[in-house]
Amino acid sequence: MSAAPAALRELLLSKIADVPDHPKPGVMFKDITPLLADPAAFGALTDALAGLCVRHGADKVVGLEARGFILAAPVAVRAGLGFVPVRKAGKLPGATLGQAYELEYGTAEIEMHADALAPGERVLVIDDVLATGGTADASLQLIRRAGAEVAGVAVLMELGFLAGRQRLEPGLKGAPLEALITV
């Protein structure tokens, strides 16, 4: 786990708005839209995540629906890598690989195109927030089922109090989990 350098961390945190009682009472939502609207902050975030792609030897970047797309696509371009969207079930055309995972109440499923990854490719998963880790863990299973290797997981923000890192640890199988900010 590596935190962002202090100056980058402060810049990013200054552009993340706290929204109380969203989506329900008692929840403090961390809104990244002000960060995305600020070209200096969004550029610094993109550079930091692209640097992780290089450091971990990634060949492709996977972005998790939906805010992970917003972060991962420019990172892939900046790092000179391909981008693979991992979507909610039923959203992608053609042949897909799917992976179900447990939610607090029930299950959900994510998918990616069956031919999106080549055997042996190293893949870095990018998302905005690591909360409980369920979606990220399911994406690691999808990547491995496609024959690719997990280069790591990188997130803008980890909500440490939700213990997603502990849930994700077995599925990482030694691959790094990088959170630029932990709250």
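In what follows, the structure referred to is the one given above.
Residues numbered from 1 in each chain as written. Predicted model: local features only at pLDDT ≥ 70, side-chain atom pairs only at ≥ 80, totals over all residues. Heavy atoms only, no water.

### Some details on helix α3 (residues 39–55)
- The terminal C-alpha atoms of α3, which comprises 17 residues, lie 24 Å apart, in line with the 24 Å expected from a rise of 1.5 Å per residue.
- Three or more residues of α3 are buried, namely A41, F42, L45, T46, L49, A50, L52 and C53. Summarising the axial view, the buried residues of α3 lie within an arc of 165 degrees, below the 170-degree limit, and thus occupy one face. Of the residues in α3, the exposed ones pointing more than 90 degrees away from the buried face are A40, V54 and R55.
- A distance of 3.0 Å separates the backbone nitrogen of A40 from a side-chain oxygen at the start of α3, and that oxygen is part of D38.
- Looking one or two residues beyond α3, the residue adopting positive phi is G57, at roughly 65 degrees. (Helix = DSSP H or I, 4+ residues; strand = E, 2+ residues; numbered from the N terminus. Expected span 1.5 Å × (residues − 1). Buried < 20%, exposed > 50% of the residue type's maximum accessible area, 1.4 Å probe, protein only. Arc of directions from axis to C-beta. Polar contact = N/O pair within 3.5 Å; in protein donor to acceptor, adjacent residues only side chain to side chain.)

### Concerning the nonpolar core
- Counting residues in each nonpolar core, the largest one holds 30 residues, and the members touching the most others are L49, I126 and L156.
- Of all the secondary-structure elements, those providing two or more residues to this core are α1 (6–14), α2 (33–37), α3, α4 (67–79), β7 (122–130), β8 (149–158) and β9 (177–182).
- The greatest single-element share of this core, amounting to seven residues, is contributed by α3.
- With residues up to four places along the chain from it excluded, the contact list for L49 reads L71, V75, L124, I126, A154 and L180.
- Core analysis: the next-biggest nonpolar cluster, separate from the first, contains 28 residues, M112, A138, A146 and A148 among them. (Core = buried A, V, L, I, M, F, W, Y, C linked by side-chain atoms within 4.5 Å. Contact = heavy atoms within 4.5 Å.)

### Let's talk about the pairing of β9
- Counted residue by residue, β9 has five buried out of six residues, so it is predominantly covered.
- Across five bridges, the pairing between β8 and β9 is parallel. Following the sheet pairing, M157 is matched in β9 by I181.
- Note on the crossover from β8 through helix α6 (residues 164–172) to β9: the handedness is right-handed. (Pairing = 2+ DSSP bridges. Right-handed = clockwise from strand over helix to strand, strands pointing away.)

### What about the packing of aromatic side chains?
- For the structure on display, the rule yields one aromatic pair.
- Here F69 and F83 contribute two aromatic rings whose centre-to-centre distance is 6.1 Å and whose plane-to-plane angle is 85 degrees, an arrangement assigned as edge-to-face. Placement of the pair is F69 in helix α4 and F83 in strand β4 (residues 82–88), with a sequence separation of 14 residues.
- Residue class for F83 comes out partly exposed when judged on its relative accessible area of 31%. (Phe/Tyr/Trp six-rings, centres within 6.5 Å; stacked < 30°, edge-to-face > 60°.)

### Some thoughts on the pattern of salt bridges
- The full count for this structure, using the stated rule, is ten salt bridges.
- For D38, the salt bridge goes to K15, with nearest N and O atoms at 3.2 Å. Placement of the pair is D38 in the loop between α2 and α3 and K15 in the loop between α1 and β1 (17–20), with a sequence separation of 23 residues.
- Given a relative accessible area of 18%, D38 falls into the buried group.
- By relative accessible area, which is 26% here, K15 ends up partly exposed.
- For the salt bridge of K60 with E121, the shortest nitrogen-to-oxygen distance reads 3.2 Å. Residue K60 is found in strand β3 (residues 60–64), and its partner E121 is found in the loop between β6 (106–113) and β7; the two are separated by 61 residues along the sequence. Both residues of the pair, K60 and E121, belong to the buried class. (Salt bridge = Lys/Arg side-chain N within 4 Å of Asp/Glu carboxyl O.)

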